[in-house]
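Single-letter residue listing:
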Amino acid sequence: MPEPAGPSGAPRRNPRPALLTSILGDTLDPGYAEAAARRGMSGPPPARRHLAGWGYLVLGVLAVGLVLGIAARATAQSAPSAERTRAALLGDVHGAQQRIDSLEARASVLDDQVRSAQAKLGATGPLATVSALERAGAMLPVQGPGLRVVVDMADDGSDSGVVLDADLQLLVNGLWASGAEAVSVGGVRLRGTSTIRQAGGAILVDNTPVFWPLTIDAIGDPSALHVSFVSTEGFGRFAAFASLYDIRFDVTARTHLTEPAAPGPDLRFATALTSGG
Amino acid sequence: MYAAIALVAGIVVGLFLHPTVPDWIAPYLPIAVIAALDAVFGGLRARLDRIFDAKVFVVSFVANVLVAALIVFLGDQLGVGSQLSTAVVVVLGIRIFGNVAAIRRHIFKA
């Protein structure tokens, strides 16, 4: 391919590829020019051909219009159907959420009925054992005096001000070790199998996301709890964090704290022994 | 003049007659629309260039729609249908743009 000469006569360094040139330059169908050239050679068209030309034109333009109209119609029809699908899916989600809510409400109503029936039967014997075990298993809401610990990450958004799940585990273990009788993290009551994990930037307590600033409530004798909590490793670590990285770490004694019940254990494989235990 | 009336008539018929579009045609409809627009603007420009020819107009429109549909159909069979329809839209879009620019130069002399 010979290099086209630039305006100054020097060969151009980067000749345009022929394909791009033809796409960008020949926007008009070459057929028109050829037809015009043929007409120019054979003189003006006779009247009969002229009429046929009009027929072609009207039919062709009618076809073009039909295509445009049908396409507009089809697009207008399919857009609402996509919207309908979306709305239907949203409705399904809302319905499922409402069902969850109503089932949870029903479960707590039934729970209350069970408890009142138990109370009617009297507070001695096996039922006393049941409620004691329920309390020990964190299955009943509790209240009492205790410590409230508020933890928040540093505001500056730097990596050094981030509180990790391992830190919180240490802190909560410190509270248990200091004699706390019931602990909740971010409003989620801890039970025997509770976990504190991290998923990305979020902290999950028993797979429930909790939000910063994190409130940790521990029920127990406030002064005794405080004294032994101060000497735990978790407290020392957070005190150091607070002074080094400027995170928030407040410990206050409260005379009245309430904690919700933890969800019951999901026993899928374990079954109770039938005789005696 | 008649051409404009026919165009409007076609659009109105398409809009209000509710022709049902078979499912197998639906993927080719956008391509057909682009080809139709290309034909319309190409014809308009040829008219302004005083080289318009009705037969060329109709034949090029029909052939472009068929070829574009064939390319997309082949692409669908090979698994690159959406890419090929993008290619068709780009090429025809550039032509439409160039023709509209030529029409603009004719009308506004700028």
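Structure: see above.
### A few points about the overall build of chain A
From N to C terminus, chain A includes 7 helices and 8 strands. Looking at the 277 residues of chain A, the share that counts as buried comes to 28%. If you take every contact in chain A between residues at least 6 apart in sequence, the share linking residues at least 24 apart comes to 73%.

### So, the sheet that holds strand β8 (residues 248–259) of chain A
Residue and element names in this part refer to chain A. Read across the open sheet, the 5 strands follow the order β3-β2-β7-β1-β8; overall the sheet is antiparallel. The open sheet is flanked by β3 (188–189) and β8, the only strands paired with a single partner. Pairing geometry for strand β1 (residues 142–152) and strand β7 (residues 214–219), over 6 bridges, is antiparallel. Bridged to G146 within β7 is I219. Taken strand by strand, helix α5 (residues 165–177) contacts β1, β2 (182–185), β7 and β8, and its axis lies near 20° from that of β7. Here helix α6 (residues 222–230) sits on the sheet in contact with β1, β7 and β8, set at roughly 35° to β1.

### A look at the pairing of strand β4 (residues 196–199) of chain A
Residues and elements named next belong to chain A. Looking at chain direction, β4 and strand β5 (residues 202–205) are connected through 4 bridges and run antiparallel. Directly across from I196, in β5, lies its bridge partner V205. Connecting β4 to the next strand, β5, in antiparallel fashion are 2 residues, including G200 with a positive phi near 65°.

### A word on the sheet that holds β5 of chain A
All names here are of chain A. Read from one edge to the other, the open sheet built from 3 strands follows the order β4-β5-β6, with strand pairing classed as antiparallel. Each edge of the sheet is formed by a strand with only one pairing partner; in this case those strands are β4 and β6 (208–210). For this sheet, the mean inter-axis angle between neighbouring strands, taken without regard to orientation, is 40°. Lying over the sheet, α5 contacts β4 and β5, oriented at roughly 165° with respect to β4.

### Quick word on the packing of helix α3 (residues 54–78) of chain B against helix α4 (residues 81–108) of chain B
Helix packing geometry: the angle between the two helix axes and the distance between the axes. Residue and element names in this part refer to chain B. The interhelical angle for the contact between α3 and α4, taken along N-to-C directions, is 155°, at an axis separation of 7 Å. Viewed along their axes, α3 and α4 adopt a mutual orientation that is roughly antiparallel. Together, N64, A68, I71, V72, G75 and D76 of α3 and G81, L84, S85, V88 and R95 of α4 make up the contact between the two elements. For the contact of α3 with α4, the per-class residue count stands at 5 nonpolar, 4 polar and 2 charged.

### Concerning the pairing of β2 of chain A
All names here are of chain A. Here β2 shows two buried faces, one formed by A182 and S184 and the other by V183 and V185. Bridge count for β2 against β7 is 4 bridges, and the pairing is antiparallel. The residue of β7 that forms the bridge with V185 is I216. Where β2 hands over to β3, the hairpin turn is made up of 2 residues, of which G186 adopts a positive phi near 60°.

### Describing the packing of helix α2 (residues 29–48) of chain B against α3 of chain B
Residues and elements named next belong to chain B. It is the contact of α2 with α3, at a shortest axis distance of 9 Å, that shows an interaxial angle of 155°. What the angle tells us is that α2 and α3 run roughly antiparallel. For the pair α2 and α3, the sense of crossing is right-handed. Packed against α2, whose contacting residues are I31, A32, A35, A36, D38, A39, V40 and G43, the element α3 presents F57, F61, N64, V65, A68, A69 and V72 at the interface. Taken together, the residues that form the contact of α2 with α3 break down as 12 nonpolar, 2 polar and 1 charged.

### Overview of empty space enclosed by the protein
In the structure shown here, the tally under the stated rule is 1 cavity of 30 Å³ or more. For the largest cavity, the calculated volume is near 50 Å³. In terms of lining residues, the largest cavity is bounded by T27, D29 and Y32 of chain A together with D38, A39, G42, S60, N64 and R95 of chain B. Secondary structure elements with two or more residues in the lining of the largest cavity: α2 and α3 of chain B. Counting residues per element, the lining of the largest cavity draws most heavily on α2 of chain B, at 3 residues. Taken together, the residues that form the lining of the largest cavity break down as 2 nonpolar, 4 polar and 3 charged.

### Things to note about the packing of aromatic side chains
Throughout the structure, instances matching the rule amount to 7 aromatic pairs over all chains. Note on F52 of chain B and F57 of chain B: the rings are 5.8 Å apart at their centroids and 50° apart in plane angle, and the pair reads as tilted. For F57 of chain B, a relative accessible area of 3% corresponds to the buried category. Of the aromatic side chains, those joined through ring pairs into one cluster are F229, F235, F238, F241, Y245 and F249 of chain A.

### Some thoughts on the environment of S228 of chain A
Residue and element names in this part refer to chain A. Along the chain, the position of S228 falls in helix α6. Each C-alpha atom of the pair S228 and G174 lies 8.8 Å from the other, and the pair is 54 residues apart in sequence. Within polar-contact distance, the side chain of S228 engages the backbone oxygen of S178 at 3.3 Å.

About the thresholds
Residues numbered from 1 in each chain as written. Chains lettered and ligands numbered in written order. Predicted model: local features only at pLDDT ≥ 70, side-chain atom pairs only at ≥ 80, totals over all residues. Heavy atoms only, no water. Helix = DSSP H or I, 4+ residues; strand = E, 2+ residues; numbered from the N terminus. Buried < 20%, exposed > 50% of the residue type's maximum accessible area, 1.4 Å probe, protein only. Contact = heavy atoms within 4.5 Å. Pairing = 2+ DSSP bridges. Axes fitted to C-alpha atoms, helices over the stretch in contact; angles between N-to-C directions. Parallel < 35°, antiparallel > 145°, perpendicular 65-115°, else oblique. Nonpolar A, V, L, I, M, F, W, Y, C, P; charged D, E, K, R; others polar. Left-handed = near helix turned anticlockwise from the far one by under 90°. 1 Å grid on protein atoms, 1.4 Å probe; cavity = no way out; pocket = protein on both sides within 12 Å on 5 of 7 lines; lining within 4 Å. Points joined across faces, edges and corners; volume = space filled by probe spheres on them. Phe/Tyr/Trp six-rings, centres within 6.5 Å; stacked < 30°, edge-to-face > 60°. Polar contact = N/O pair within 3.5 Å; in protein donor to acceptor, adjacent residues only side chain to side chain.

Geometric descriptors of this kind do not, in isolation, establish any biological role.
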